[in-house]
Amino acid sequence: MASTESPAASGWLGELRDELDDLDRQSLRRTVLTPRDGQGETLSIDGRELLNLTSNNYLGLAADSRVVEAAAEAARAYGASVSASRLLCGSTPLHEELEGRLAALKGQEAALLYSSGYLANLGVLTALARPGDVIFSDALNHASIIDGCRLSGAGTQVYRHCDAGHLAELLAATPARRRLIVSETVFSMDGDVAPLPSLVELARAHDAVLVLDEAHATGVLGPNGEGALARLGLDPEGIVIVGTLSKALASAGGFVAADATVIDYLVNRSRPFIFNTALPPASVGAALAALDIVAAEPERRAHLDALATRLRDGLLAAGYPPSGSETAIVPLLLGSADAALALEQRLRDAGILSRAIRPPTVPEGTARIRFNLIATHTTDDVDRVLAAVPPPA
Ligand SMILES: *Cc1c(COP(=O)(O)O)cnc(C)c1O
């Protein structure tokens with residue numbers, strides 16, 4: 001046993017390697033893909049220009065010169081970093097302005113910025129729920145919601161995806177000190193929309209806190225990009241809304257918009273807010289500029305909607321079953337991770353980047369290609385995608 005291998009290599013590092021090899025064998029290994037240019041409707045990868053159908057840059061604002069310039073201007077005015085949490089000295093007038101704008105967009109009294117949407121979900125769930133409480137969570141909720149539920153120490157009851165009847169049963173059967181219902185409004189991997197009127201009604205009937213994650217709806221849905229509630233004409237009062245700046249708003253960061261008391265409570269009790277350096281000014285400046293464009297250019301939303309309808313209709317016409325998507329997220333369910341990876345490669349050969357989404361991001365047996373459209377795509381781009389998708393197996 002005169003091995004030159006370090007003890008770690010044959011011990012815990014070896015274990016990690018074995019696990020990675022296992023992932024490989026199951027077609028579940030993940031790697032980082034690095035485009036050489038920015039985030040536009042095409043991406044330069046391995047020396048090729050690929051049509052980008054895999055980003056969350058819904059309105060095409062991430063590379064918009066007005067947004068980029070606003071980011072630069074904010075950095076020039078307030079520095080590259082704020083170097084402290086908001087509660088020390090890491091706040092700027094831009095942070096306050098953005099919170100006011102987000103609260104107004106969401107029809108809420110106040111808003112609070114977090115460093116990411118992920119942290120906003122952790123922050124709100126861990127502050128509002130604790131051991132003895134119960135969180136009722138949609139089966140397909142995002143990992144950040146699942147992690148928030150776990151970290152809160154509250155009990156979690158998972159209801160079937162978008163099944164308000166199941167949620168009602170669980171609410172009736174589960175006593176708790178406080179009850180929270182949490183759901184995405186637009187589901188990130190399916191593009192379908194939660195049964196929002198029923199969720200609102202059940203929350204009222206059971207005196208439960210309703211937390212809605214609008215990551216994929218903010219800026220995209222509603223007459224002014226307010227989100228999914230506005231699209232349905234629902235009153236947001238009393239609802240705790242989570243969102244991100246990292247998708248349609250072309251920046252980075254997350255937020256919670258809610259009643260002023262809730263926001264005040266989060267400032268005092270939400271650890272991912274309290275113990276985290278505030279967003280850099282550039283991110284805040286970019287989001288402010290994106291909000292201006294969201295308000296001024298509704299044609300971006302209309303075009304995005306038309307592109308999504310064209311893609312969904314085209315897939316139906318090609319013989320694929322309806323997906324349930326109502327948004328710019330258009331999934332093509334393939335089942336196995338192998339099949340999803342094979343189609344990813346085939347599309348890539350045709351000059352289209354749309355990445356395979358595999359477990360644990362989606363449930364076992366539902367691996368897929370998820371097409372995410374961008375408002376700066378053309379109808380020709382959609383037709384190119386449709387031409388590259390093979391008929392269903
Ligand atoms: C992307 C996403 C988040 C996380 O937002 P980040 O700002 O990227 O951390 C949270 N919830 C949902 C539903 C998402 O899709």
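Residues numbered from 1 in each chain as written. Predicted model: local features only at pLDDT ≥ 70, side-chain atom pairs only at ≥ 80, totals over all residues. Heavy atoms only, no water.

Novice: Just checking my understanding: could you explain a nonpolar patch on the surface for this structure?
Specialist: A cluster of nonpolar side chains, namely Trp12, Leu13 and Leu16, defines an oily patch on the protein surface of about 300 Å² accessible area. For Trp12, the location among the structural elements is in helix 2 (residues 12-25). (Patch = residues over 30% accessible without salt bridge, like charges linked within 9 Å, V, L, I, M, F, W, Y side chains within 5 Å. Areas by Shrake-Rupley, 256 points an atom, 1.4 Å probe, with all protein chains shown as cover. Salt bridge = Lys/Arg side-chain N within 4 Å of Asp/Glu carboxyl O. Helix = DSSP H or I, 4+ residues; strand = E, 2+ residues; numbered from the N terminus.)

Novice: Help me understand the pairing of strand 3 (residues 110-114), please; the structure alone is not making it clear to me.
Specialist: Side chains on a regular strand alternate between the two faces of the sheet. Taken across its 5 residues, strand 3 has 5 buried, putting it largely inside the fold. Residues Ala110, Leu112 and Tyr114 line one face of strand 3 and the alternating positions Ala111 and Leu113 line the opposite face, and both faces are buried. Of the pairings in the sheet, the one linking strand 3 to strand 9 (residues 254-258) comprises 5 bridges and is antiparallel in character. When the bridges of strand 9 are listed, Ala110 appears paired with Ala258. (Buried < 20%, exposed > 50% of the residue type's maximum accessible area, 1.4 Å probe, protein only. Pairing = 2+ DSSP bridges.)

Novice: Is there a simple way to explain the packing of aromatic side chains in this structure?
Specialist: Remark: the centre distance and the inter-plane angle together describe each pair of aromatic rings, the angle taken between the planes. Under the defined criterion, the tally for this structure stands at 1 aromatic pair. A centroid spacing of 6.1 Å and a plane angle of 70° characterise the contact between Tyr114 and Phe273, whose relative ring orientation is edge-to-face. Of this pair, Tyr114 sits in strand 3 while Phe273 sits in helix 11 (residues 271-274), and the two are 159 residues apart along the sequence. Like Phe273, Tyr114 is buried. (Phe/Tyr/Trp six-rings, centres within 6.5 Å; stacked < 30°, edge-to-face > 60°.)

Novice: Can you walk me through the nonpolar core in this structure?
Specialist: A general tendency of soluble globular proteins is for nonpolar side chains to be buried together. Judged by nonpolar contacts, the single largest core of 83 residues is most densely connected at Leu98, Leu102, Ile181, Leu199, Leu245, Phe371 and Leu373. If one sorts the elements of this core by residue count, helix 12 (residues 281-296) sits on top with 9 residues. Filtering out sequence-adjacent residues up to four positions away, Leu102 remains in contact with Ala111, Leu113, Leu245, Leu249, Phe255 and Leu291. In terms of nonpolar packing, the next biggest core, distinct from the first, is built from 25 residues, Ile135, Leu180, Val242 and Leu266 among them. (Core = buried A, V, L, I, M, F, W, Y, C linked by side-chain atoms within 4.5 Å. Contact = heavy atoms within 4.5 Å.)

Novice: Please explain the sheet that holds strand 13 (residues 367-372) as it appears in this structure.
Specialist: Within a sheet, neighbouring strands are paired by backbone hydrogen bonds and run either parallel or antiparallel to one another. An order of 10-13-12 is seen for the 3 strands of this open sheet, with the pairing classed as antiparallel. This sheet does not close on itself; its edge strands, each paired only once, are strand 10 (329-335) and strand 12 (356-357). The pairing of strand 10 with strand 13 spans 6 bridges and is classified as antiparallel. Paired with Val330 across the two strands is Phe371, which belongs to strand 13.

Novice: Help me out: how do you make sense of the site of the ligand in this one?
Specialist: Taken together, 15 residues surround the ligand, and among them Gly117, Asp213, His216, Thr244 and Lys247 come closest. Contact distances for the ligand include 2.7 Å between an oxygen atom and a side-chain N or O atom of Lys247. For the ligand, whose free accessible area comes to 380 Å², the fraction covered by protein is 85%. Ranked by residue count, the leading element in the shell around the ligand is helix 5 (residues 117-128), at 3 residues. Considered class by class, the residues forming the shell around the ligand number 2 nonpolar, 10 polar and 3 charged. (Near = heavy atom within 4 Å. Polar contact = N/O pair within 3.5 Å; in protein donor to acceptor, adjacent residues only side chain to side chain. Nonpolar A, V, L, I, M, F, W, Y, C, P; charged D, E, K, R; others polar.)

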